[in-house]
Amino acid sequence: MQTAEASITQRLSVQEILNDYRIGWESRHASLAGRKEVFMGKAKFGIFGDGKEVAQLAMAKFFQNGDFRSGYYRDQTFMFAIGELTLQQYFAQLYAHTDVEAEPSTAGRAMNGHFGTRLLDEEGNWKNLMEQKNSSSDISPTASQMPRLVGLAYASKLYRQNPDLQGMQQFSVNGNEVAFGTIGNASTSEGMFFEAINAAGVLQVPMLVSVWDDGYGISVPAEYQTTKGSISEILAGFQRNSREEQGYEIFKVKGWDYAALCEAYEAAVKVCREEHVPVLVHVEEVTQPQGHSTSGSHERYKSKDRLAWEAEHDCLVKMREWILSSEVATAEQLDEIENEAKETVRQARSAAWSAFADSIKEDHEEALRLMDSLANASEHITEIATITEELRKTSTPIRSDAVRAVRKALRYVRDENNQAKRDLVGWLEQTLGENADRFNSYLYSQSVEAALLVEEIKPEFAEDAPVVDGREVLQACFDAMLSRDPRVFAIGEDVGRIGDVNQAFAGLQEKHGELRVTDTGIRECTIIGQGIGAALRGLRPITEIQYLDYLLYAIQILSDDVACLQYRTKGGQKAPLIVRTRGHRLEGIWHSGSPIGMILHSIRGMHVLVPRDMTQAAGFYNTLLKSDEPALVIECLNGYRLKERIPSNIAEFTVPLGKPEVLKEGSEITIVTYGSMCRIVQEAARQLEEFGISAEVIDVQSLLPFDLEHMITDSIRKTNRVLFADEDVPGGATAFMMQQVVDEQGAWRYLDSKPQCLSAQAHRPPYSSDGDYFSKPNPEDVFEAVYEIMHEADPKAYPTIY
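These notes cover the structure that comes with them. (Residues numbered from 1 in each chain as written. Predicted model: local features only at pLDDT ≥ 70, side-chain atom pairs only at ≥ 80, totals over all residues. Heavy atoms only, no water.)

1. Thoughts on the overall build of the protein chain
What counts here: Secondary structure elements are taken from DSSP: a helix is a run of H or I of four residues or more, a strand is a run of E of two residues or more, and numbering for both begins at the N terminus. The globule rule used for comparison is 2.2 Å times the number of residues to the exponent 0.38, while the radius of gyration itself is calculated over C-alpha atoms. Residue contacts follow a heavy-atom distance rule, with two residues in contact if any of their heavy atoms lie within 4.5 Å. Method for areas: the Shrake-Rupley scheme with a 1.4 Å probe, in which residue coverage is limited to the protein chains shown. This count recognises Lys and Arg as positive and Asp and Glu as negative, with His and chain-terminal groups excluded. Taken as the charge location is NZ of Lys, CZ of Arg, CG of Asp or CD of Glu.
A tally of helices and strands in the protein chain yields 27 helices and 22 strands. In terms of overall size, the protein chain behaves like a compact globule, its C-alpha atoms giving a radius of gyration of 30 Å where 802 residues would be expected to give roughly 28 Å. Seen through its principal axes, the protein chain has C-alpha atoms that stretch 100 × 85 × 50 Å. A separation threshold of at least 6 residues defines the contact pool for the protein chain, and within that pool the share at least 24 residues apart is 79%. Entry remark: accessible area of the protein chain is about 32,000 Å², with carbon and sulfur atoms responsible for 49%. Computed over 81 positive and 119 negative side-chain charges, the inter-centroid distance for the protein chain is 2 Å.

2. Focus on unusual backbone geometry
What you tend to see is this: most non-glycine residues have negative phi, and most peptide bonds are trans. Here is the rule: Only protein chains enter the accessibility calculation, which uses a 1.4 Å probe. A residue is then buried if its area is under 20% of the maximum for its type, exposed if over 50%, and partly exposed in between.
At the junction of Leu-704 and Pro-705, the peptide bond is cis and its omega measures out at 0° in the coordinates. Along the chain, the position of Pro-705 falls in the loop between strand S20 (702–704) and helix H24 (711–719). A positive phi angle, close to 55°, is found at His-276, a residue other than glycine. Within the element layout of this structure, His-276 appears in the loop between helix H9 (258–275) and strand S8 (279–284). For His-276, a relative accessible area of 6% corresponds to the buried category.

3. Side note on the sheet that holds strand S15 (residues 631–636)
Note the threshold: Think of it this way: DSSP has to see at least two bridges between two strands before they count as a pair. Axis definition: a line fitted to C-alpha atoms, over the contacting stretch in the case of helices. Angles run 0 to 180 degrees between N-to-C directions.
Read across the open sheet, the seven strands follow the order S11-S10-S12-S13-S15-S14-S20; overall the sheet is mixed. Among the strands making up the open sheet, the edge pair consists of strand S11 (517–519) and S20. Ignoring strand direction, the axes of neighbouring strands in this sheet form an average angle of 20°. Sheet topology places strand S12 (residues 540–544) next to strand S13 (residues 578–583); three bridges connect them, and they run parallel.

4. Overview of the sheet that holds strand S4 (residues 207–212)
Pairing is parallel in the open sheet, where six strands are placed in the order S2-S1-S3-S4-S8-S7. Edge positions in the open sheet fall to strand S2 (134–135) and strand S7 (249–254), since each of these has one partner strand only. With three bridges joining them, strand S1 (residues 68–70) and strand S3 (residues 179–184) adopt parallel strand pairing. If you follow Arg-69 over to S3, its bridge partner there is Phe-180. Along the sheet, helix H6 (residues 145–161) contacts S1, S3 and S4; its crossing angle with S3, the most-contacted strand, is approximately 165°. Its contacts with the sheet place helix H7 (residues 191–203) against S3, S4 and S8, and it is angled at close to 150° to S4.

5. Digging into the side chain of Thr-77
Inspection of the secondary structure puts Thr-77 in helix H4 (residues 76–81). Residue Thr-77 is classed as buried on the basis of its relative accessible area of 0%. If we skip the residues at most four places from it in the chain, Thr-77 touches Ile-23, Ser-27, Glu-53, Gln-56 and Leu-57.

6. Examining the packing of H6 against H7
The line we're drawing: Oblique is the label for any angle not under 35 degrees, not over 145, and not in the 65 to 115 range, which are roughly parallel, roughly antiparallel and roughly perpendicular in turn. In this scheme the handedness of a crossing depends on how the near helix is turned from the far one: anticlockwise by less than a right angle means left-handed, clockwise means right-handed.
It is the contact of H6 with H7, at a shortest axis distance of 8 Å, that shows an interaxial angle of 10°. Judged by the angle between their axes, H6 and H7 are roughly parallel. Seen along the crossing, H6 lies across H7 with a hand that is right-handed. Contact residues: Met-146, Pro-147, Val-150, Tyr-154 and Lys-157 in H6; Met-192, Phe-193, Ala-196, Ile-197, Ala-199 and Leu-203 in H7.

7. Let's talk about helix H15 (residues 419–440)
We apply this condition: The span expected for a helix works out to 1.5 Å for each residue beyond the first. The arc refers to the directions leading from the helix axis to the C-beta atoms. Within 3.5 Å is the distance limit for a polar contact, defined as a pair of N or O atoms, with the added protein rule that one can donate a hydrogen and the other accept it, and that residues adjacent in sequence qualify only through two side-chain atoms.
With 22 residues, H15 should cover 32 Å at 1.5 Å per step; its first-to-last C-alpha distance of 30 Å lies within 8% of that length. Where H15 is concerned, the buried positions are Ala-420, Lys-421, Leu-424, Trp-427, Leu-428, Thr-431, Asn-435 and Arg-438. Down the axis of H15, the buried set is contained in an arc of 120°. They therefore lie on one face. Projecting away from the buried face of H15 at angles above 90 degrees are the exposed residues Glu-429, Gln-430 and Asn-440. The secondary structure elements touched by the buried residues of H15 are helix H12 (331–377) and helix H14 (399–412). Capping of H15 at its N-terminal end is provided by Asn-418; its side-chain oxygen lies 3.2 Å from the backbone amide nitrogen of Ala-420.

8. Describing helix H27 (residues 779–793)
Compared with the 21 Å implied by 1.5 Å per residue over 15 residues, the 21 Å span of H27 between its first and last C-alpha is a close match. Within H27, the full set of buried residues consists of Pro-779, Val-782, Phe-783, Ala-785, Val-786, Tyr-787, Ile-789, Met-790 and His-791. Buried residues along H27 sit in contact with strand S18 (669–673), helix H23 (677–690), strand S21 (722–725) and strand S22 (756–758). You can read the cap of H27 off the contacts: a side-chain oxygen lies 3.1 Å from the backbone nitrogen of Glu-780, and it is on Asn-778.

Quick look at the structure:
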């Protein structure tokens, strides 16, 4: 009988050890076969996890149902070992198979090595995450998995410490879940890594980070990457020296030592799971047998000595040596396992390719048949037959081959009218629709909880409704949200004790507790990541970025992670994160910018809401809490002390997304704007009235989505003129709005004058009221821009001012 003190490898059965060895070799052969498929032209690109097999096998032993992974594109062996990736699915992703059943991680939308489990059912509802092993959806940018990892671990802390969350059994069991992160040694040079490590240490959350250290970052060796050449050495100061001193547990282990790896991960996970202490496992002497990717060869930058060392210290070679020396199995048994693994991979690769090719074959053959019919019915038989023959010769067709050929063929019969042409057009329309689902769907939620489906509820005001500072409207809204939904929490710099710098959370930490309204350090990227991870685990975070220009610290993680999450999983994962910030009108270079164009073009997949006052903002927050989508809400920085009435239904009223509001009716020109500019434009409109010019003022309210019912075009149909005004730089959000209205909505057909934009100067505004006046649009600028449009239309009625 084994003693309680026996090592993990002594407690493992022979079958378990040999099963690990089999999985390791299946993964290795999958890497080798994947590289060949790329060079044969059957896949576009390959990046593989060879060399990391043994460490990942050890880690997988302690990954339980309910746990989460946030990794990067080297973790195929781990995914095989936990049973959340099959070999056929692995190759399906390499081929970009668009069937979600064949390739459940991304439905062919991400390159190989990017894994994720489906957290949602087909209707977009949460599964029971405690009944499965979970992986958040991988992203490529280096270290970008780290901010989200903090949030995945932070959710466990909330589930353990907040008694009101104890009933959410499909998301947590007393916060026992560990968030496993993986990263390459070179990527630990990124600021996001250090920010996330520090955040988790402060928060004391069950986050386990494994660093696969192969000594390089593509071709750049460790001495150029990391001080002392060792991430564990420079993080040694994070090591806790006693259970009373908060910090990390840090482990160092060789990537080829199966027994030591199993023991290290057993100890690491125990500390993480039971004590909620973050852990760093530095896995050294890892190899990378095929180099970084199929883009190049590591022989170009590794010395012969290094290559020889890597061959000797290959983890699977070393595991074989350990198995033989421990007399777990014979050499003949291991040879058989390796040969069977190779054959298993060959069969999986063949099955995946056949399934991928067959999914395209029917469309391809139907296109050929219809083009043959068209050639026989057309005067342009030679041209169409040539295109058809080129398509027929394509040895490994992809979907675009047939579509491209059909579109070219239809050019020649543009003036013909026959059944063959109609059949081919019908095929094209149907195919384009099917491919829109394959390649363009799920940018936003398609569930019954989509934000656009939230019912509008108008605000109601009692006759004696108090007139208060705008911040107090938000305060009442947030208080109601925290009171009615235990999933809601707010984090950010200064959000907790003082209730944020503009007091919208004033007193709410004292009322609802520090877990619900929480201060953070100055770390915008991981504030957002903390929210993403928690949202992935069923919570409803409000993450505050103190000022709009600070969003630049977090724009990459918003763009590459949460904004494209539903899209890159084809509806398999969601993170309904609410990001709150403030911006627009103020004086000074740094807290007064409105980089809306940058935001709009960076975070498609999130809603971007730009309320002009705090009542509107409160309605948006209520709408978002009823939906399952992420959004950015930009409050007006100069509006917190402007007077508003508190709605009597502050907890219920909603503001619809994509629906502008007419602030002032007019008949001669439409002025389109948002946010703090609404007050500027309304003042200019009042002044224009004095000179006989009737301007209609429209607040777009939300930029993504934008004017879904084409209300602005309806206004232009009446006024025949339009001015787009905002505080962004030239060509920013004004250009976006013009494109949406003039191009997308087709408002050009109703215009009698050139559509124009009025924006800020190309620089940020300098300090002082004069700096603001001469840098951003003011009422006089709006007045004169409109007047000039009217002068061009009728010079006699509107002579030049100066």
